[in-house]
Amino acid sequence: MNKFLDSRTGNILMVLVGIACDAFSFAAFVLPHKFIAGGVTGVGRVFSHYFEFDVSVVVAIISISLLILGFLLLGKLFALSIVAGSVLFPLFLNVFNRFDALKHLTDQPMLAAIIGGVLMGFGLGLIIRAGASSGGSDVIPIILNRKLGIPVAPLIYIADFTIMILQLPFANTNDVLFGIIVVMLCTITLNKVVLFGSSNVQFTIISHKYKEINEALQNDLDVGSTLTHGITGHCKDPLDVIICVVSHESVHRVRTTVLEIDEEAFMTMVDVSGVNGRGFTMARKY
């Protein structure tokens, strides 16, 4: 499964599905309930309210303008990285907006905020996991970062905050609060999707019987390991510290094996993500 997701076909599919989910969440849940929103969609809401423009048309104009700006200032490679989000998102949004039935999927604002936030985060998570970008309001902060060295994250937060502020004159308290819920759920879901399937457990094992433990890990459990030189803090005894990364399913076997060899072994276990290398993203070598 992970090999397919890392392939070019898998990445393209993730980008398409991600953009479709992101656009659907706006068309079916965020815009019909008038929740405040960040990014170019939030700007589209502002123009729609004051000038009665179609939101998807405004989003398309802004996205393509930012795409051209990125191309002129940062080059072809940057433009290619955001072309899918800049072109396909407004296209999908326009298509979904044409179906009136989507605007009446639920009349419960809380339910709309929950589903909209989760679906939006799922879509953005797929896009980021595929190595692409949703483009939009992120473009200007990235340009300022490349040209002036200003950190990207604060600029993005300031941009989104400003866009949300512009919507306050025509938004009531519920629109604001539900908009915040959408953003929070989107962020949580996005992080989960980006790290999905890549979580493992790293063992750090300290024992005077490190040679026997390392041999058991390598030969009996087929677990790769790394030895790093260490010295005990109190007695100043030299020994090698064992570091190994395993799947969650192997945690019990590794722990049991270590304690069978040395019941006084000192172990720590921490969750790690994005592991690359032999035995994980590459085939093992023996």
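Residues numbered from 1 in each chain as written. Predicted model: local features only at pLDDT ≥ 70, side-chain atom pairs only at ≥ 80, totals over all residues. Heavy atoms only, no water.

### Some details on the sheet that holds strand 1 (residues 199-206)
Thought 1: Taken in spatial order, the four strands of this open sheet run 2-3-1-4, and their pairing is antiparallel. Each edge of the open sheet is held by one strand with a lone partner, namely strand 2 (226-231) and strand 4 (266-273). The average undirected angle you get between the axes of adjacent strands in this sheet is 25°.
Thought 2: Where strand 2 lies against strand 3 (residues 238-246), six bridges are found, and the strand directions are antiparallel. Among the inter-strand pairings, H229 is bridged to a residue of strand 3, identified as D240.
Thought 3: Along the sheet face, helix 10 (residues 210-219) touches strand 1, strand 2 and strand 3 and points at about 20° away from the line of strand 3. (Pairing = 2+ DSSP bridges. Helix = DSSP H or I, 4+ residues; strand = E, 2+ residues; numbered from the N terminus. Axes fitted to C-alpha atoms, helices over the stretch in contact; angles between N-to-C directions. Contact = heavy atoms within 4.5 Å.)

### Topic: the packing of aromatic side chains
Thought 1: Tallied over the entire structure, the rule returns eight aromatic pairs.
Thought 2: Geometrically, the ring pair formed by F47 and F51 is tilted, given 5.7 Å between the ring centres and 40° between the ring planes. Here F51 and F47 lie together in helix 3 (residues 39-51), a separation of four residues that amounts to about one turn.
Thought 3: Seen from their ring centres, F51 and F53 are 5.8 Å apart, and the 25° between their planes marks the pair as stacked.
Thought 4: For F53, a relative accessible area of 44% gives the class partly exposed.
Thought 5: Each member of the aromatic cluster is reached from another via a ring pair, and the members are F24, F29, F92 and F96. (Phe/Tyr/Trp six-rings, centres within 6.5 Å; stacked < 30°, edge-to-face > 60°. Buried < 20%, exposed > 50% of the residue type's maximum accessible area, 1.4 Å probe, protein only.)

### Focus on the state of the cysteines
Thought 1: This structure, assessed with the given rule, holds zero disulfides.
Thought 2: Free cysteine: C21, not disulfide-bonded; nearest cysteine sulfur from C186 at 12 Å.
Thought 3: On the basis of relative accessible area, C21 is assigned to the buried category, the value being 14%. (Disulfide = S-S within 2.5 Å.)

### With respect to the packing of helix 4 (residues 55-74) against helix 7 (residues 139-148)
When two helices pack together, their arrangement is given by the angle between the helix axes and the distance between those axes.
Thought 1: In contact at an axis separation of 10 Å, helix 4 and helix 7 are set at 10° when each is read in the N-to-C sense. Our classification of the angle between helix 4 and helix 7 gives roughly parallel. Between helix 4, through L66, L69, G70, L73 and L74, and helix 7, the contact on the second element is made entirely by V139, I140, I142, I143, R146 and K147.
Thought 2: Counted by class, the contact of helix 4 with helix 7 contains eight nonpolar, one polar and two charged residues. (Parallel < 35°, antiparallel > 145°, perpendicular 65-115°, else oblique. Nonpolar A, V, L, I, M, F, W, Y, C, P; charged D, E, K, R; others polar.)

### Description of the pattern of salt bridges
Thought 1: Applying the stated criterion across every chain yields a total of one salt bridge.
Thought 2: With a closest N to O distance of 3.9 Å, D100 and K103 form a salt bridge.
Thought 3: Given the relative accessible area of 32%, K103 is considered partly exposed. (Salt bridge = Lys/Arg side-chain N within 4 Å of Asp/Glu carboxyl O.)

### With respect to the pairing of strand 3
Thought 1: By the bridge criterion, five bridges tie strand 1 to strand 3 in an arrangement that is antiparallel. Looking at the pairing, V201 lines up with V246 of strand 3.
Thought 2: The turn linking strand 2 back onto strand 3 is made up of six residues, and K236 within it adopts a positive phi angle of 60°.

### Some points on the environment of H252
Thought 1: Considering the arrangement of structural elements, one finds H252 in helix 11 (residues 251-261).
Thought 2: In sequence terms H252 and M110 are 142 residues apart; their C-alpha atoms lie 41 Å from each other.

### With respect to helix 9 (residues 173-195)
Thought 1: Taking 1.5 Å per residue as the helical rise, helix 9 with its 23 residues ought to reach 33 Å, and the 34 Å between its terminal C-alpha atoms agrees with that figure.
Thought 2: Listed in full, the buried residues belonging to helix 9 are D175, F178, G179, V182, C186, T189, L190 and V193.
Thought 3: Where helix 9 is buried, its residues touch helix 2 (8-30) and helix 6 (109-129).
Thought 4: N-cap assignment for helix 9: the residue whose side-chain oxygen lies 3.0 Å from the backbone N of N174 is N172. (Expected span 1.5 Å × (residues − 1). Polar contact = N/O pair within 3.5 Å; in protein donor to acceptor, adjacent residues only side chain to side chain.)

### Some remarks on the side chain of N214
Thought 1: The topology assignment puts N214 in helix 10.
Thought 2: Each residue touching N214, except ones within four places of it in the same chain, is listed here: S225, L227 and I242.

### Describing the nonpolar core
In summary, soluble globular proteins display a tendency toward joint burial of nonpolar side chains.
Thought 1: Counting 40 residues, the largest nonpolar core has F26, V30, F35, F89, L93 and M120 as its most contacted members.
Thought 2: Elements with a minimum of two residues in this core: helix 2, helix 4, helix 5 (76-97), helix 6, helix 7 and helix 9.
Thought 3: A total of nine residues in this core trace back to one element, the largest contributor, which is helix 2.
Thought 4: Look past the residues within four positions of F35 in its chain and what remains in contact with it is F29, V30, R45, P109, A112, A113, Q167, D175, F178, G179 and V182.
Thought 5: Counting residues in hydrophobic clusters, the runner-up holds 18 residues, among them I213, V246, V254 and A265. (Core = buried A, V, L, I, M, F, W, Y, C linked by side-chain atoms within 4.5 Å.)

Fair warning: the whole summary comes from geometry, so function is off the table for now.
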